[in-house]
Structures are given as C-alpha cells and as structure tokens.
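Observations on the three-dimensional arrangement
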Amino acid sequence: MPTSSQKSRRTAASRKETRTAPVVKAVIFLGADAVSMMVAEQSGSETRVLDVLTQPVALAHDVFKGSCISRDTMDRCVQIAQGYNELLAEYRLAGKVEVRLLATNILLDVRNMDTLVNRLQITCGLQLEVMDDGEMTRLLYLNTRAILDSHEELGRQRVLVLHVGPGNTRLLIFDKGRISYYASYRMGAHRTGIAISDAAEMAGTESESSLIREHIRGIMEQVVYDIEDDLPEPPDALIIFGPDFHVISSPLAQGENVTEECLTQLAHEIAATPPAQRQTRYKEDYASLCALLPTVLINLAVARDLNPRSIMCPAEEFSHAFLRNLLPGRRDDLALEEEVVHFTVLLANHYRVDKAHGQQIRRLTMMLFDQLQELHGLTRHDRLLLKVAAILHEVGSYINPKKHHHHSQYIILNSEIFGLSRSDIDIVGLLARYHRHGAPTPSEPTYALLSQADRLRVQKLAALLRVAEAMERAHSRRIRSFTVRQNARRLELLVPDVADLTLENLALRTKGALFSDIFGQDIVLLPQPR
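Residues numbered from 1 in each chain as written. Predicted model: local features only at pLDDT ≥ 70, side-chain atom pairs only at ≥ 80, totals over all residues. Heavy atoms only, no water.

We now examine the overall build of the protein chain. The secondary structure content of the protein chain amounts to 21 helices and 14 strands. Looking at the protein chain alone, contacts between residues at least 24 apart form 68% of all its contacts between residues at least 6 apart. (Helix = DSSP H or I, 4+ residues; strand = E, 2+ residues; numbered from the N terminus. Contact = heavy atoms within 4.5 Å.)

Pairing between the strands of a sheet comes from backbone hydrogen bonds, and it takes one of two forms, parallel or antiparallel. An order of 3-2-1-4-5 is seen for the five strands of this open sheet, with the pairing classed as mixed. Each edge of the open sheet carries a strand with a single partner, namely strand 3 (46–56) and strand 5 (128–130). Put simply, the sheet's adjacent strands are angled 25 degrees from each other on average, direction ignored. Sheet topology places strand 1 (residues 23–30) next to strand 4 (residues 97–103); seven bridges connect them, and they run parallel. Bridged to Ala 26 within strand 4 is Val 99. Packed onto the sheet, helix 4 (residues 113–124) meets strand 1, strand 4 and strand 5 and runs at close to 145 degrees relative to strand 5. (Pairing = 2+ DSSP bridges. Axes fitted to C-alpha atoms, helices over the stretch in contact; angles between N-to-C directions.)

Our focus in this paragraph is helix 13 (residues 355–371). Taking 1.5 Å per residue as the helical rise, helix 13 with its 17 residues ought to reach 24 Å, and the 24 Å between its terminal C-alpha atoms agrees with that figure. When helix 13 is considered as a whole, its buried residues turn out to be His 357, Gly 358, Gln 360, Ile 361, Leu 364, Thr 365, Met 366, Met 367, Leu 368 and Phe 369. Contacts from the buried residues of helix 13 go to helix 14 (373–376), helix 15 (380–392), helix 19 (452–471) and strand 13 (490–495). At the N-terminal boundary of helix 13, the capping side chain belongs to Asp 354, with an oxygen 3.2 Å from the backbone nitrogen of Ala 356. (Expected span 1.5 Å × (residues − 1). Buried < 20%, exposed > 50% of the residue type's maximum accessible area, 1.4 Å probe, protein only. Polar contact = N/O pair within 3.5 Å; in protein donor to acceptor, adjacent residues only side chain to side chain.)

Further remarks concern the packing of aromatic side chains. Tallying each qualifying case throughout the model produces seven aromatic pairs. Where Phe 343 meets Phe 418, the ring centres are 6.5 Å apart and the plane angle is 55 degrees; that geometry is what we call tilted. Here Phe 343 is found in helix 12 (residues 333–350), whereas its partner Phe 418 is found in the loop between helix 16 (404–413) and helix 17 (422–433), with 75 residues between them in sequence. On the accessibility criterion, Phe 343 (7% relative accessible area) is buried. Assessed through its relative accessible area of 0%, Phe 418 is described here as buried. Ring plane angle 80 degrees and centroid distance 5.2 Å describe the contact between Tyr 351 and Tyr 398, whose orientation is recorded as edge-to-face. (Phe/Tyr/Trp six-rings, centres within 6.5 Å; stacked < 30°, edge-to-face > 60°.)

In this section: the sheet that holds strand 8 (residues 178–185). Strand order in this open sheet of six strands is 8-7-6-9-11-10, and the pairing throughout is mixed. Each of the sheet's edge strands pairs with one partner strand only, and the pair in question is strand 8 and strand 10 (257–258). Direction of pairing for strand 6 (residues 158–164) relative to strand 9 (residues 237–241): parallel, over a ladder of five bridges. Bridge pairing in strand 9 places Val 159 opposite Ala 237.

Unusually for a residue other than glycine, Arg 352 sits at a positive phi of about 55 degrees. Summarising the element assignment, Arg 352 is placed in the loop between helix 12 and helix 13. Residue Arg 352 is classed as exposed on the basis of its relative accessible area of 69%. Residues other than glycine seldom take positive phi values, yet Lys 403 does so here, at roughly 55 degrees. As for its position among the elements, Lys 403 is in the loop between helix 15 and helix 16.

Another point: the state of the cysteines. Two cysteines form a disulfide when their sulfur atoms are joined by a covalent bond. Inspection of the entire model under this criterion finds zero disulfides. In this structure Cys 313 is not part of a disulfide, and its nearest cysteine sulfur, from Cys 262, lies 8.6 Å away. With relative accessibility at 5%, the residue Cys 313 sits in the buried group. (Disulfide = S-S within 2.5 Å.)

Here we take up the nonpolar core. As a rule of thumb, nonpolar side chains are buried together in soluble globular proteins. Grouped together as the largest cluster of nonpolar side chains are 93 residues, with contacts concentrated most on Leu 368, Leu 392, Ile 417, Phe 418, Leu 420, Met 471 and Phe 515. Looking at which element gives the most residues to this core, the answer is helix 19, with 10 residues. Core analysis: the next-biggest nonpolar cluster, separate from the first, contains 40 residues, Leu 160, Leu 162, Met 220 and Ala 301 among them. (Core = buried A, V, L, I, M, F, W, Y, C linked by side-chain atoms within 4.5 Å.)

A cluster of nonpolar side chains, contributed by Tyr 398, Ile 399 and Tyr 410, occupies part of the molecular surface with about 350 Å² of accessible area. Locating Ile 399 in the fold gives a position in the loop between helix 15 and helix 16. (Patch = residues over 30% accessible without salt bridge, like charges linked within 9 Å, V, L, I, M, F, W, Y side chains within 5 Å. Areas by Shrake-Rupley, 256 points an atom, 1.4 Å probe, with all protein chains shown as cover. Salt bridge = Lys/Arg side-chain N within 4 Å of Asp/Glu carboxyl O.)

In this structure, His 357 sits in helix 13. A distance of 3.3 Å separates the side chain of His 357 from the side chain of Glu 469, its partner in a polar contact. Apart from residues lying up to four places away in sequence, His 357 is in contact with His 393, Glu 394, Glu 469, Glu 472 and His 475.

Interaxial distance between helix 17 and helix 19 falls to 9 Å at its minimum, and their mutual angle equals 45 degrees. As judged from the angle between their axes, helix 17 and helix 19 are oblique. Viewed along their axes, helix 17 and helix 19 form a crossing whose handedness is right-handed. Within the contact between the two elements, helix 17 uses Ile 427, Leu 430 and Leu 431 and helix 19 uses Arg 457, Val 458, Leu 461, Ala 462 and Leu 465. (Parallel < 35°, antiparallel > 145°, perpendicular 65-115°, else oblique. Left-handed = near helix turned anticlockwise from the far one by under 90°.)

Structure follows, in structure tokens:
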C-alpha cells in the first residue's frame, strides 16, 4: 500500500504533467504617435511581460491634417513593424509565438488604408486589424473594472471615467459598479492640438492655452448638457486614463489621487515651456508633443465643469495596461456583454418601451438563436447584436407608433451604445428597421453599404426576430418555452401548455416569409403532445 508521502509525490507529479506550458504572445500596435510592441509569457491566467518597445511615428499628424498617411510615415510604420517582427524571431527559436498586429481606430477613415495593410502583409506576413469603437470601449471597461476591483469603496459609488484619446474623448459613468452612461465626443488630444496649430498661425498674440480652451468650449457645453440627467450631483470620483502622467515631471507623478490644482499647475507649466524645450522637459517625443497640453486642458475642463469630489490618475502606465489587454486571446467577453445588455436596457427605458414585451421578445429570440444554431451558423457576437435589437426594436414608438420601425432605426443610429462599434450599431438599426415587414434591399442606404457577408447576417437575424415577434403577436407572454422538431422541409416549434396557436400561426404566414426565403424551410407552431 502506498504511503502518504508517495501519494503526495504522485499528486505533485500529476500536477506538473498537466500544467500547461507557457505560451509567448506579442502585440504590435500602430498608435497615434508611436508604434509599440509588448511581448508576454502567458501561463494559465497569469501573464508575465517580457519586453515592451516603443518608437515614435507621426500617424495622427497625417490623419488629422489630410486623412491620408504620407509616404514617409508609412515607410516608418512598416520599417518599425518589420524590425519588431525580426526581434520576435529570437522568441520563435524556443517555440511558437502568437502575434497580433493592430492599429488605432483613427485610421478607420484614412483614404490609403489598403496600401498600409498590403505593405504590412507583404513585409511582415501579418494581417493588420484596425480597432473600432467597440474594441476601445472594451479596453476602457477592462481597465476601469480593474480599478473598481482594487478599490472596494469605488464599487459602491458613482464614478466618472474619462479617457482623452487621439481623436475622441470618452466619458463613462459607473453607478455602484455598473455602466449607466457612455458618450464619445470629437474632442481628442491630437485632433485638438493639430486644429489649434493651424489657428495659432492666424491668432497672432493669442496664447496656446486660450486657443485650446476656445476650441473645446462648445463641446464641453454639450458634454455638460448631455450628462446632467445621469449626473444630477457631482460624481464621487473622476478616474483619468491616459496619458502616463507619471512618466512626465509633474505633481501627478506623486500618487494616484490628485487635485484640480495639480492639473491647473501642470497646464500652466506646459504652456509656459517653449515648444522647443517640452520634448526634453517632459520626456515626450516630437510626434506626441502637440497632444500634451490639449490632453491636460481637456482633463482640467471636465474636472472643473463636473466638479468630482476626488480625482484619480491610476499609477500603472495606461499604455502598458492597454497593450496587455490587446495581447492575443486576452478577452473577457462575457462580462462586457452583460454591461452592453445592461446599458441597452437603460437606453430602452429612456424611450419608455413596453418592458414586458421587450423582455419576452428578447427571451424568444435567444431561444430561437440557440436551438437553431446548426441551421444559421452565426457567432456569439451576432447573438449579442440580436439581443440588443430585441431590446430596442420598438424604441421608435417614443416618436410615433406609426412606422415606428423607421423611427427605431433612426434612434439607434443616432445613439451611443456602450461596447458596440459603429458597424454593430448599423446592423442593430437594420434589425429594428426590418422587424415588421419588407425584405432588406440595397435601396436602404445603410444596408447598401454592407458587405455581402454582413447583408446575409442581417437577413438571418431579422428572420429570427420576426419569428419571435409572431410568437408574441398577442402580447400575452404565453409562450414560455418550445422545442424544435424537423419534419421534412418544415420546422415545427412544439409549444407546451398552449392548446390554441391560431393567432401566432396567422402572424407567421407573413412574418415567417423571410425565414422561409433565407433558410428554405417553412416554420409552424404546434401544441406539444402531452
């Protein structure tokens, strides 16, 4: 009989054998003013950073000056990315390295984007992904979630989160740990810095700070107006993400908690330093210098206008946390999806939708999606878009019940939905537009701009939403569950505890037509045999 020590040794050996070997992962990121790379070793849930490299590049200057990447800037981006890829060859000697190549979302509307994508593909053998708003909000959520988890008191308070990016400024409110507000404004640091650099040439003696304040004044008035209903009292805390204030010599380098006076002092110091000396004093490269003062003044404007009880600048470098969350495979989609749905419900409540009807349609669409997965072959993200559309499909009734599907699309297309990209919102708007009748056609402008693959996604999702609408035709919520049975070219939904489904089947004659056209199968509701 084995002794306890022998058992212990065997257990330890078993754990050693089953422990997964560390995986090396890397992300190369083309940012607004630098191309960066992080290399990390991942073992289970633990990530150990091995290397971080950054080299300056003036992408934002080209984008906001002329919506086109210059030849010199493109050459430099490709050269840096190629150099990083060659460095990764050393890591590849020890095994496989997973690499992700991404670019800032300010490149989404660049005219010669395809040229950059092709050059990187040819030179590095890597496919460039361009971040969208959904990815950016995911990163902000993850960083904020980490702060709330490490500061227990913040999870019980109303917290305002501020991120001044290169092109946009984003504001989020977390109320007791849950998202309650999200908005994005075209008031980014590089966008503002480049705009006022042109104005400075015509302004004569007007100071740089005055130009920036005047430039952002109108947008800040809009911010205060937009947020007042969701923030009737000053927030308990303001969390400022980016830039890495502790890298520069400022009062903000002393700790996480700062004051409005600290921001004021830093803004005064930067403005008083001649541009030629800022690069040395603040350890900034030339590409990011134009964003330095606008970033501080936008943060200061938000702090002054919204008057938080405390201000926090997280001690960890934002750029490092940002890159770490971009590493291949690092996602927390489930938690983010919950916040997307939570925010969507708040938006629906704002437009006074029928909550009971909305919940029923949401439940039926999710059951249809899950039980017909083999038939439609759609993704988990498509499931989320369908859920959002089910919650919002009748918000247009707030404007007018007549043709409310058109109004619903209008409201959705003109709303910020936390966690969704602009292309996601376009698809949700189309689902709301076509939840009643009529087939999606290229005569609809938003639909016309979609790729063929996305058009098929819209048709499949709209077909499922319409079937759910037919099942809830009486607004009685009497269909609580069903099972699917295939019968030749007909799908039968077997419904328990409902003897008469005549009304729902009558609705399916029209609302089920799109389903039949797309999937080649008729669909019918039948009482489930006892």
